[in-house]
Amino acid sequence: MSLEDTAKKIKAMEIRGAALIARSAVEALCEYGEGLGELALTDFKEAMENAAELLLATRPTAVSLPNAVNIVMKGVRNADTIAEARAGIRPSSEKFIRNSKDALQKIAEIGARHIPEDATLMTHCNSQAAIACIIEAHRQGKVREVFATEVRPRNQGLLTIRALNDAGIKTNFIVDSGARFFMKKIDLLVIGTDAVTVNGAVVNKIGTSQIALAAREARTPVMVAAETFKFAPRTITGDLIEIEERDTAEVLDRPIAAQLENVTVRNPAFDVTPADFIDLIVTEKGAIPPEMAYIIIRDHLGWNLEDIR
Ligand code: RI2
């Protein structure tokens, strides 16, 4: 798929989910780089920077996107010759994609260990990482049933219930506002994330923080499944994660909205759940309390205090 088509599909959420966005972006960047004709090194680097920018502008919250794109761009930026710049693209792209698939498998194994026997689970949105943990726990005979939310306005819950259904898992489909009503039955909330900040806050699909609040009230533990490339290094320097606000027509049809002159429709796609509300973040390197997010950023993403200037 061309770079432009990939960017369009990510923006329109035809390609969605933090990990898939990252893998698709890397693939598109790789193909684009390989397809560039004879160019001088500076022109090649400029074309690649523009391509990276186009991809990065598609969805601002999922930090998997800049983390993945930067892995490929690092080789391009550091190259001294055009041959070197070109040669590094495919190996770095393939390595990222391979690692991200392996990470998912590892997270499923580790996450399943933290799911209790005969568990009633709840999940929100559609996270490959969260679903992988649930399916692995189900394979081990530990899952009684799952409650999955609808996920207004884009209804990603439909993808989740299909995946759970196909895996043979007994699933209850509820509206987002039903989460607290059912929370007392839930043994563990299992969710994914689009970004984890240095202080262990989790940025995930809008509504996650309300559900986590209900979980805290009911003393239901919260487990987040996150590949290490979803940790946000720049939050070390106090940068905030930008929360994407999407087209309001996703929430209310334009003709209806047009009649309501005093009404403003708002459509933030994500919210922030503080570290206090989270018990465990399962990464491919192991399960950590949210307070250990910095260790992941330092040891696995290679950012340390010297980067903070
Ligand atoms: P995986 C999704 O965002 C959801 O917020 C989900 O929890 C997160 O990405 C992680 O997904 P969106 O693309 O990488 O639906 O675990 O806005 O699949």
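This is a predicted model, so every value here is computed, not measured. (Residues numbered from 1 in each chain as written. Predicted model: local features only at pLDDT ≥ 70, side-chain atom pairs only at ≥ 80, totals over all residues. Heavy atoms only, no water.)

### Looking at the packing of aromatic side chains
At step 1: What the rule picks out here adds up to three aromatic pairs.
At step 2: Consider the rings of phenylalanine 147 and phenylalanine 182, whose centres lie 4.8 Å apart with planes at 40°: the pair is tilted. Residue phenylalanine 147 is located in strand β2 (residues 143–149), and its partner phenylalanine 182 is located in helix α8 (residues 179–182); the two are separated by 35 residues in the primary sequence.
At step 3: Of the residues examined, phenylalanine 182 reaches a relative accessible area of 23% and is grouped as partly exposed.
At step 4: Sitting over the face of the ring of phenylalanine 270, lysine 205 holds its NZ or CZ atom 4.2 Å from the ring centroid. (Phe/Tyr/Trp six-rings, centres within 6.5 Å; stacked < 30°, edge-to-face > 60°. Helix = DSSP H or I, 4+ residues; strand = E, 2+ residues; numbered from the N terminus. Buried < 20%, exposed > 50% of the residue type's maximum accessible area, 1.4 Å probe, protein only. Lys NZ or Arg CZ within 6 Å of the ring centre and 35° of its normal.)

### Observations concerning the environment of isoleucine 21
At step 1: In this fold, isoleucine 21 is placed in helix α2 (residues 18–35).
At step 2: A residue is classified by how much of its surface remains accessible, and isoleucine 21, at 0% relative accessible area, is buried.
At step 3: Residues isoleucine 21 and threonine 58, spaced 37 residues apart in sequence, show a C-alpha to C-alpha distance of 9.7 Å.
At step 4: In this view, isoleucine 21 contacts Ile10, Ile15, Arg16, Arg59 and Leu65; residues no more than four positions away in its chain are not counted. (Contact = heavy atoms within 4.5 Å.)

### Topic: the site of the ligand
At step 1: Lining the immediate environment of the ligand, one finds 19 residues, of which Arg16, Ser127, Asp194, Asn204 and Lys205 sit closest.
At step 2: In this structure, alanine 18 approaches the ligand through a main-chain N or O atom, which is 3.2 Å from an oxygen atom.
At step 3: For the ligand, whose unbound accessible area comes to 450 Å², protein coverage reaches 99%.
At step 4: Among the residues forming the shell around the ligand, the class breakdown is six nonpolar, eight polar and five charged. (Near = heavy atom within 4 Å. Polar contact = N/O pair within 3.5 Å; in protein donor to acceptor, adjacent residues only side chain to side chain. Areas by Shrake-Rupley, 256 points an atom, 1.4 Å probe, with all protein chains shown as cover. Nonpolar A, V, L, I, M, F, W, Y, C, P; charged D, E, K, R; others polar.)

### Digging into the sheet that holds strand β8 (residues 270–273)
At step 1: Read from one edge to the other, the open sheet built from three strands follows the order β5-β6-β8, with strand pairing classed as antiparallel. Each edge of the sheet is formed by a strand with only one pairing partner; in this case those strands are β5 (195–196) and β8.
At step 2: Looking at chain direction, β5 and strand β6 (residues 202–205) are connected through two bridges and run antiparallel. Within the sheet, the bridge partner assigned to valine 196 lies in β6 and is valine 202.
At step 3: Taken strand by strand, helix α9 (residues 208–217) contacts β6 and β8, and its axis lies near 35° from that of β8. (Pairing = 2+ DSSP bridges. Axes fitted to C-alpha atoms, helices over the stretch in contact; angles between N-to-C directions.)

### Thoughts on the packing of helix α3 (residues 41–56) against helix α5 (residues 82–113)
At step 1: The N-to-C vectors of α3 and α5 enclose an angle of 30°; their axes lie 9 Å apart at closest approach. Accordingly, the angle class assigned to the pair α3 and α5 is roughly parallel. Crossing geometry of α3 relative to α5 is assigned as left-handed. Here Leu41, Phe44 and Met48 of α3 come into contact with α5, specifically with Ile82, Ala85, Arg86 and Ile89. (Parallel < 35°, antiparallel > 145°, perpendicular 65-115°, else oblique. Left-handed = near helix turned anticlockwise from the far one by under 90°.)

### Observations regarding the domain arrangement of the protein chain
At step 1: Here the domain parsing of the protein chain yields domain 1 (3–101) and domain 2 (105–243 + 267–308).
At step 2: Each of domain 1 and domain 2 has a C-alpha centre, and these two points are 27 Å apart.
At step 3: At the interface, 17 residues of domain 1 touch 24 residues of domain 2.
At step 4: Taken together, the two surfaces of domain 1 and domain 2 that pack against each other cover about 1500 Å², and 55% of this comes from carbon and sulfur.
At step 5: For the domain 1 face of the interface with domain 2, the top three residues by lost area are Arg16, Thr61 and Val63, together amounting to 36%.
At step 6: Along the contact surface separating domain 1 from domain 2 lie zero salt bridges.
At step 7: Remark: the boundary between domain 1 and domain 2 carries eight residue pairs in polar contact (both at pLDDT 80 or more). (Domains from an automatic or database assignment. Buried area = accessible area lost by both parts, 1.4 Å probe. Salt bridge = Lys/Arg side-chain N within 4 Å of Asp/Glu carboxyl O.)

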